[in-house]
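Examination of the molecular architecture
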Amino acid sequence: MSVFPLVVAGLCGLEHQSKPPLFIKPPLSRFQAAAPCPALPWVTLDVLGDGYGVAQQTARSKNLQARILWIDGTANLDRINSASKIDSLVAKIKAVGFNTIVFDVKPIVGFTLYPSKLTEKLVSWRDGPSLPTDFDPLAAMLSAAKKNGLPLFVSMNAFSEGHRFTRTGPGYGKPEQQTVQYETHPSLKAAWPSTASFPVEPEPNPGVLSPDGLHVFTSAWAAGPLRKGAVTVVLDSNGRVEARIYHADDKLPPLPAGGAILLATSTGKAGEFLITNAPAGVKFTMESTPEFVRIENKHTQWPLMMNPHHPEVQARALAFVKEVATNYDIDGLVFDDRLRFGGLNTDFSDVTRAQFEKLVGARIEWPKDVFEFTYTMDLKRGIRPGKWYDAWMAWRAITVRNWVAAAGALVRSIRPNAQFGIYAGSWYGEYQQFGNNYAASDFTAGFPFMTREYQKTGFASELDFLITGCYYRTATIYDAMQHVVSTGKTVEAGGQLTNRAVRDRAWAYAGVKLDDYYGNLSGLEHAIQAACGSTQGVMVFDLSHRIDEFWSVFQRAFRFPALAPHTQKGLLADVRRKRAHLDALGVKEPPVFIREGAAGAGF
């Protein structure tokens, strides 16, 4: 067996060293040809990174592989609005080799596809096809799935009750339960000759100056030539005035790095402010003024997000769980990505403030004691953490974790054999700002937000499975390295992180999105291999994404049948026991590879 020396400084004169040189066995490359779906062309995978975990090894040894097709509620009405269409569809899904269906029955609009006592029934979406009022597609889908021997999971959106596109949904009639967003407006404050301040237009580099607006430009090119009748002020990155110009024939000095150009019409209020307060050498500060607005008054995303801290919001979301699990013989329930807060800037309602003050046992300066938004001179927005910042971030995750535990317990109390899981975006490093910690409560990695308190909020043990959206056009880490793409922005890397994060507490499945592969069938084949290589299966999103172009790919990929891990009763419990045994023995896992993903991947 050959060995080779590890090269170290000072090998010259080796015979005089007191310690022998270090030798290691030459390792094989971690990049090896592999085919988790044997009927597809082989790809080169990171077999080392893909090989960790009891769940991963168990699924491979037993030839288990989830092959899940997701059917979105609103986007597929024309394919599920009759029993005959559903029968044909499910037969096709079965024929090409999928072994599980996820059917979205409560889309983000907050209406349901089945008849509900809690909300309206969705009968049409925008100007598209309609759903007959007397037809229950969930009942028909269940019948067809059982006929074809396919498990059917229903999907719901927990904390979304409306849609920005149509401005419809039950949440619009409950403004007190909507999430409240912490918004902010920049303002420029002078140091002397007065301490006056003036609001700044929040969007830099506008094409047209408003008569009374104070505008920021981040480059001389964007500001264009000096404008007749405008006051122009050049600031350095610290807010100090380098020049103030009144006349269009004056020369604009170079813009300092990180600085800004202020423009205002000389006859407007902003121009008067600059004339009075911006002589050369004066230092300005860019301040932020907080504003708290309900989401319907400033929609920053498609779903109308409700406040997860609100007791009535939590109770209503559980009521949907009870209704579906009681009335339908479902095989499982999945919560879609709206199982979270709306973002870092939510929720800042009075209800939330009262709960948080009770938690910390003190009145707080709002929002400063949590965090403040800040602005640089060129209008980049940052945050200034307050004294309760870490407590706030962990508390939001506790709220989601406790609700997940309650929902899972409710499902199992009604349907003991039903599976329970969630879908989320695959870039775990982004999810702290949304209050969703889907990892195991003992998952350790080098994320700066992972305090002991935050770590404990992980809820993977409450799940049977986790699906994450590894929605990238590059399939493998090997391919990314060759084409100078971030290795974290690959299906394989997203799957690896998902698998490591749950630490054998739940099955892990990687999602791929069909519209990433229009006109690129081989790209989809590689993505399926990467998903199945890095986790215990693949979820395909979505039926509406021109799936007729891709049926042949699935028929090839799933040519050799396999059962999904979640169909094997008691197997997850065995995986968890083995993980607990290894932990008790002190078996150490290798470090988690943290490769940066793309913001919003899988949302």
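Below, the structure is looked at part by part. (Residues numbered from 1 in each chain as written. Predicted model: local features only at pLDDT ≥ 70, side-chain atom pairs only at ≥ 80, totals over all residues. Heavy atoms only, no water.)

1. Details of the sheet that holds strand 12 (residues 230-235)
Going by this rule: When DSSP locates at least two bridges between a pair of strands, those strands are taken to pair. To qualify as a helix, a DSSP run of H or I must reach at least 4 residues; to qualify as a strand, a run of E must reach at least 2; elements of each kind are numbered from the N terminus. What counts as an axis is a line fitted to C-alpha atoms, over the stretch in contact for a helix, and the angles between N-to-C directions run from 0 to 180 degrees.
Ordered in space as 11-14-12-13, the 4 strands form an open sheet in which the pairing is antiparallel. Bordering the open sheet on either side are strand 11 (215-217) and strand 13 (241-245), each of which pairs with just one other strand. Strand-to-strand, the axes of this sheet are offset by a mean angle of 20°, without reference to chain direction. As paired strands, strand 12 and strand 14 (residues 260-265) are joined by 6 bridges and run antiparallel to one another. Its bridge partner lying in strand 14, Val233 is registered against Leu262.

2. Quick look at the pattern of salt bridges
Close approach of charged atoms allows side chains with opposite charge to pair. Our working definition: In what follows, salt bridge is the name for a side-chain nitrogen of Lys or Arg lying within 4 Å of a carboxyl oxygen of Asp or Glu. Relative accessibility thresholds used throughout: buried, under 20% of the residue-type maximum; exposed, over 50%; partly exposed, between the two (1.4 Å probe, protein chains only).
Inspection of every chain in the model, using the stated rule, returns 31 salt bridges. For Asp46, the salt bridge identified is with Arg595, shortest N-O distance 3.9 Å. Within this pair, whereas Asp46 is found in strand 4 (residues 43-46), its partner Arg595 is found in the segment after helix 14 (571-584), the two being separated by 549 residues in sequence. Exposure remark for Arg595: the relative accessible area of 24% places this residue in the partly exposed category. The salt bridge involving Asp464 is made with Arg412; its shortest N-O contact spans 3.2 Å. Here Asp464, found in the loop between helix 9 (452-455) and strand 21 (465-469), pairs with Arg412, found in helix 8 (residues 389-414); they are 52 residues apart in sequence, far enough to count as distant. With a relative accessible area of 28%, Arg412 lands in the partly exposed category. By sharing partners, the salt bridges in this structure join Asp442, Arg503, Asp504, Arg505, Arg579, Asp583 and Glu589 into a single network.

3. Some thoughts on the packing of helix 11 (residues 491-502) against helix 12 (residues 521-534)
Going by this rule: Orientation categories follow fixed angle ranges, with anything under 35 degrees roughly parallel, anything over 145 roughly antiparallel, 65 to 115 roughly perpendicular, and all other angles oblique. By the definition used in this description, the sense in which the near helix is turned from the far one sets the handedness, with an anticlockwise turn below a right angle giving left-handed and a clockwise turn giving right-handed. By the convention used here, residues are in contact when the closest approach between their heavy atoms is within 4.5 Å.
Put simply, helix 11 and helix 12 touch, their axes get as near as 8 Å, and they point 20° apart. Relative to helix 12, the element helix 11 is oriented roughly parallel. Helix 11 and helix 12 meet at a crossing whose hand is right-handed. Together, Val491, Glu492, Gly495, Gln496 and Asn499 of helix 11 and Ala527, Ala530, Ala531 and Ser534 of helix 12 make up the contact between the two elements.

4. Notes on the sheet that holds strand 15 (residues 284-294)
The strand order across the open sheet formed by 3 strands is 10-9-15, and the pairing between neighbours is antiparallel. Each having just a single partner strand, strand 10 (197-199) and strand 15 make up the two edges of the open sheet. Ignoring which end each strand starts from, the neighbouring axes of this sheet average 35° apart. Strand direction decides the pairing type here: strand 9 (residues 180-190) and strand 10, joined by 3 bridges, are antiparallel. Its bridge partner being in strand 10, Ser187 is matched across the sheet by Pro199. Each of strand 9, strand 10 and strand 15 is contacted by helix 5 (residues 269-277), which is oriented at about 150° to strand 10, the strand it contacts most.

5. Comments concerning the packing of helix 2 (residues 83-96) against helix 3 (residues 137-147)
We apply this condition: Asp, Glu, Lys and Arg are counted as charged, while Ala, Val, Leu, Ile, Met, Phe, Trp, Tyr, Cys and Pro are counted as nonpolar; the rest, among them Gly, fall into the polar class.
One way to put it is that helix 2 packs onto helix 3 with a least axis distance of 9 Å and a crossing angle of 35°. Crossing of helix 2 over helix 3 shows right-handed handedness. The residues of helix 3 that touch helix 2, namely those facing Ala83, Ile86, Asp87 and Val90, are Pro137, Ala140, Met141, Ala144, Ala145 and Lys147. Across the contact of helix 2 with helix 3, the residue classes break down as 8 nonpolar, no polar and 2 charged.

6. Examining the packing of aromatic side chains
To keep it simple, the criterion reads: Any two rings among Phe, Tyr and Trp, with Trp reduced to its six-membered ring, count as a pair given centres within 6.5 Å; such a pair is stacked if its planes are under 30 degrees apart, edge-to-face if over 60, and tilted if neither. Our definition puts a charge over a ring when NZ of Lys or CZ of Arg is within 6 Å of the ring centre and also within 35 degrees of the ring normal.
As enumerated under the stated definition, the model contains 46 aromatic pairs in all. For the pair Phe292 and Phe348, a centre-to-centre distance of 6.2 Å together with 20° between the ring planes defines the contact as stacked. Note that Phe292 is positioned in strand 15 and Phe348 in the loop between strand 17 (332-335) and helix 7 (350-360), a separation of 56 residues in sequence. With a relative accessible area of 34%, Phe292 lands in the partly exposed category. Here the aromatic residues Tyr182, Phe292, Phe348, Phe356, Trp366, Phe371, Phe373, Tyr389, Trp392 and Trp395 are joined through ring pairs into a cluster of three or more. Above the plane of the ring of Tyr518 lies Arg546, whose end atom (NZ or CZ) is 3.6 Å from the centre.

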